Structure formats: C-alpha cells, structure tokens
Amino acid sequence: MSEIENSQELDISQKLIECLKVSVIDTLSTMAMTETTIINTETADAFNLSFQIGGLIYLYGNHEGMIAISGDKSVIQFVISNIVYNPEGEMADDDIMDGVSELVNMIAGGMKSKAGLTTDAKLTPPIAIVGPSCKSQWKTFRPTYVTTFKTEAGNFQVHASV
Amino acid sequence: MKLLTVDDSKTMRQIIQGVGATLGYEVLEAEHGLKALEVLRKSADEIAVIMLDWNMPGMNGLEVLKIIKASDDWKHIPVMMVTTESEKGHIIQAVRHGAIQYVTKPFSPEELANKILESLGMGEL
C-alpha cells in the first residue's frame, strides 16, 4: 500500500471513529434518554474485551472492521432497561443479550449513516457475550480505539478497529 | 385496531410495544417474515399499521413488504420500515415498493409515535 493510500485509509478510520462516538451519544440520548459523555479515547494493539456484558458486530464489504460495546452488567442493564421503558426491572440474561445485540447494531448503524458509508459496507448480525467475567482478544490489522463513556449508572466502553 | 411489529430483536419489539401502549394500541408481534404472514392471515382485518425491520433471518423486510403489497387482502395496510439501514438506496427501494414511512434507528419514542400517527392519517402528538 502506498503512503497516499495509507493516509486515506487512516482518514476514513478516524472519520469512522468520530462518527461512532457521536452515534453512541445520539443512541443513548434518544433511545435510552440517558445523558452520556466521553471520558477518553485510548489506542490498543489488539481488540481486547474484558467485561461482564459485551456486544460485537463486524463491518464488511468496501470497508472492514469490528465494533464492540462492553461494560458491567449494572451499566448495560441500566441502558437496556431505559430503552425498553422498564427502568426498575431486573432483566433475564437472554433479554440482556438481545438488548446488547440491538444496542451495538444501532450504534454501528448510526456510525455508518453518519459517515455516509454506501450500501457496499454492511454489518453482520451482532454477537452478544454475557458472563461473570469474560476476556476475549482478536488480532487486528488496524489499531483499536477504546472510548470510555460515562452514564449516570457508571462507565462503559466502545471498542472499534475500523 | 392493532399494530404489528415484525423484528427479530425482542428489544425492538418491546420498544414498539411501549410506544404502541402510549398511543392506546395493542401491538401484535412477529419475530420473522413468515410469522408476520401467519399473523396477517389470521388478523389482517384488525391491523392498522405494520412496522417492518429490514434485516431479519429468512425473508428480509423488503421481501415481506413486496408480499404484503402484492396481496389484495393486505395491500391497503400502511407499512413503515423501522431499521438501522439508512442508505438512500434502501429508502428508495422501500418507498418504490409501497412503504409509507421509513424510520431509522436511533429514534426517540415521540418520533416513532408521530410516524405511526402520520401513517394512520392522524396529527402529531
């Protein structure tokens, strides 16, 4: 890959990361009616998830990548409960899995839309992982950006290698 | 009258249940296209609006839309697409095949409620 192609690739990645951050804030404010702020964004060499609840989705076609949301059960449950208008209810693991899948799907869909990606960039069906303490790692060709978001129930992270 | 939501995500069906309840409508659910056709065969007379997801296992939302609009018994029922697919090409295809509204996620409950009311030919909230 030439230097010019490399820098274009980097520009698209940076644009997608910025669109993803906006999409997270938009999704949580409109669907979960929750104010969400960015604490920081860090880079990592590999796509590492360490969490109680995780949702993962792949972008494929003319632009490829991985996007995930992860956090403690209390935080993710708070967000999903708000989305389904059940703020007080304890949720079953199946409902949390469905909710975190839909959440990562909406966030990634919002990113695609804000970045103006064409129909040639598609999203796979989402993957949900629920467990007391899960650790997963994917090797990627691009850097992973990990953004930490703050909600009134606590922090969660959004990981992206795009 | 009732609303019909066709979405493989239980979370989305719950969201639409919530919005339907605030408008005073009972919401019927189908988790995929074939189930939706089953519900329509039984209850089409009671259904005021259908809300269709685009990406579902088996038939996608566009295929379900085409079947609905090709049926003399069902083509009068307004269909809204409710989806994360926001590309212009998708919207054009849906409208060309008879969708009356195209709602992209994320949306606020009020936004969805207003789109449902518009589909029913009523004013906003």
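The preceding data block contains the structure.
Just so you know, these numbers come straight off a predicted model, no measurement behind them.

Calculation notes
- Residues numbered from 1 in each chain as written.
- Chains lettered and ligands numbered in written order.
- Predicted model: local features only at pLDDT ≥ 70, side-chain atom pairs only at ≥ 80, totals over all residues.
- Heavy atoms only, no water.
- Salt bridge = Lys/Arg side-chain N within 4 Å of Asp/Glu carboxyl O.
- Helix = DSSP H or I, 4+ residues; strand = E, 2+ residues; numbered from the N terminus.
- Axes fitted to C-alpha atoms, helices over the stretch in contact; angles between N-to-C directions.
- Left-handed = near helix turned anticlockwise from the far one by under 90°.
- Contact = heavy atoms within 4.5 Å.
- Nonpolar A, V, L, I, M, F, W, Y, C, P; charged D, E, K, R; others polar.
- Buried area = accessible area lost by both parts, 1.4 Å probe.
- Pairing = 2+ DSSP bridges.
- Right-handed = clockwise from strand over helix to strand, strands pointing away.
- 1 Å grid on protein atoms, 1.4 Å probe; cavity = no way out; pocket = protein on both sides within 12 Å on 5 of 7 lines; lining within 4 Å.
- Points joined across faces, edges and corners; volume = space filled by probe spheres on them.

A.B. asks: Can you walk me through the pattern of salt bridges in this structure?
C.D. replies: Where side chains of opposite charge bring their charged atoms close, a pairing between them can arise. As enumerated under the stated definition, the model contains 11 salt bridges over all chains in all. Among the ionic pairs, K21(A) bridges to E18(A), the shortest N-O distance being 3.3 Å. Highlighted residues: K21(A) and E18(A), both in helix α1 (residues 3-31), separated by three residues, approximately one helical turn. One connected set of salt bridges, linked through shared partners, spans K112(A), E85(B) and E87(B).

A.B. asks: Sorry, what's going on with the packing of helix α1 (residues 10-23) of chain B against helix α5 (residues 109-119) of chain B here?
C.D. replies: A pair of packed helices is characterised by two quantities: the angle between their axes and the separation of those axes. Residues and elements named next belong to chain B. Closest axis-to-axis distance for the α1/α5 pair is 10 Å, and the angle between their directions is 65°. Of the two possible hands of crossing, α1 and α5 adopt the one that is right-handed. Between α1 and α5, the residues in contact are I16, V19 and L23 and P109, L112, A113, I116 and L117, respectively. Residues that form the contact of α1 with α5 fall into these classes: eight nonpolar, no polar and no charged.

A.B. asks: How should I be thinking about the interface of chain B and chain A in this particular structure?
C.D. replies: As a measure of interface size, the accessible area lost when the parts come together is often cited. With 19 residues of chain B in contact, the opposing surface of chain A contributes 20 residues. Note on chain B versus chain A: buried area summed over both sides is about 1,600 Å², and carbon and sulfur give 59% of it. Of all residues in chain B, T11(B), E87(B) and P106(B) bury the most surface against chain A, accounting for 31% of the area lost on that side. Put simply, K112(A) and E87(B) hold a salt bridge, and the shortest N to O gap is 3.1 Å. By residue number, the principal contributor to the side of chain B that touches chain A is α1(B), which donates seven residues. Each residue belonging to the side of chain B that touches chain A can be placed in one class, and the counts come to six nonpolar, eight polar and five charged.

A.B. asks: Help me understand the environment of T22(B), please; the structure alone is not making it clear to me.
C.D. replies: As for its position among the elements, T22(B) is in helix α1. A sequence separation of 91 residues divides T22(B) from A113(B), and the C-alpha atoms of the two residues are 8.3 Å apart.

A.B. asks: Can you help me understand unusual backbone geometry in this one?
C.D. replies: Peptide bonds are, in most cases, trans, and in most cases residues other than glycine have a negative phi. The amide bond that connects K105(B) to the next residue, P106(B), takes the cis arrangement and shows omega of 0°. Within the fold, P106(B) resides in the loop between β5 (101-104) and α5. One non-glycine residue, M33(A), adopts positive backbone phi at about 50°. Positionally, M33(A) belongs in the loop between α1 and β1 (37-44).

A.B. asks: What exactly am I supposed to notice about the pairing of strand β2 (residues 26-30) of chain B here?
C.D. replies: Looking along a regular strand, one sees side chains alternate from face to face of the sheet. Residues and elements named next belong to chain B. Two elements, strand β1 (residues 2-6) and β2, share five bridges in a ladder whose sense is parallel. Looking at the pairing, V6 lines up with A30 of β2. Remark: the β1/α1/β2 crossover connection has right-handed handedness.

A.B. asks: Can you walk me through the layout of surface pockets in this structure?
C.D. replies: If a probe as big as a water molecule is rolled over the atoms, it shows which places are left empty. Reported here for the largest pocket is a volume of approximately 570 Å³. Taken together, 28 residues make up the lining of the largest pocket; nearest its centre are N105(A), T124(A), P125(A), P126(A) and N55(B). The set of elements that each furnish at least two residues to the lining of the largest pocket consists of α3 (93-115) and β4 (121-123) of chain A. Ranked by residue count, the leading element in the lining of the largest pocket is α3(A), at six residues. The residue inventory of the lining of the largest pocket, partitioned by class, reads eight nonpolar, 11 polar and nine charged. As a volume, the second largest pocket reaches approximately 210 Å³. Lining the second largest pocket we find Y58(A), L59(A), E64(A), G65(A), M66(A), K139(A), T140(A), F141(A), R142(A) and S161(A). Elements with a minimum of two residues in the lining of the second largest pocket: β2 (47-61) and β3 (65-71) of chain A. Taken together, the residues of the lining of the second largest pocket break down into four nonpolar, three polar and three charged.

A.B. asks: Would you mind going over the sheet that holds strand β3 (residues 47-52) of chain B with me for this structure?
C.D. replies: Within a sheet, neighbouring strands are paired by backbone hydrogen bonds and run either parallel or antiparallel to one another. Residues and elements named next belong to chain B. Taken in spatial order, the five strands of this open sheet run β2-β1-β3-β4-β5, and their pairing is parallel. The open sheet terminates on both sides in strands that have one partner only, identified here as β2 and β5. Each strand of the sheet is rotated relative to its neighbour by a mean of 20°, with strand direction disregarded. The pairing of strand β4 (residues 79-83) with β5 spans four bridges and is parallel. Each residue of the ladder has a partner; that of M80, found in β5, is Q101. Across the sheet, helix α3 (residues 61-70) lies against β3 and β4, angled at about 175° from β4, the strand it touches most.

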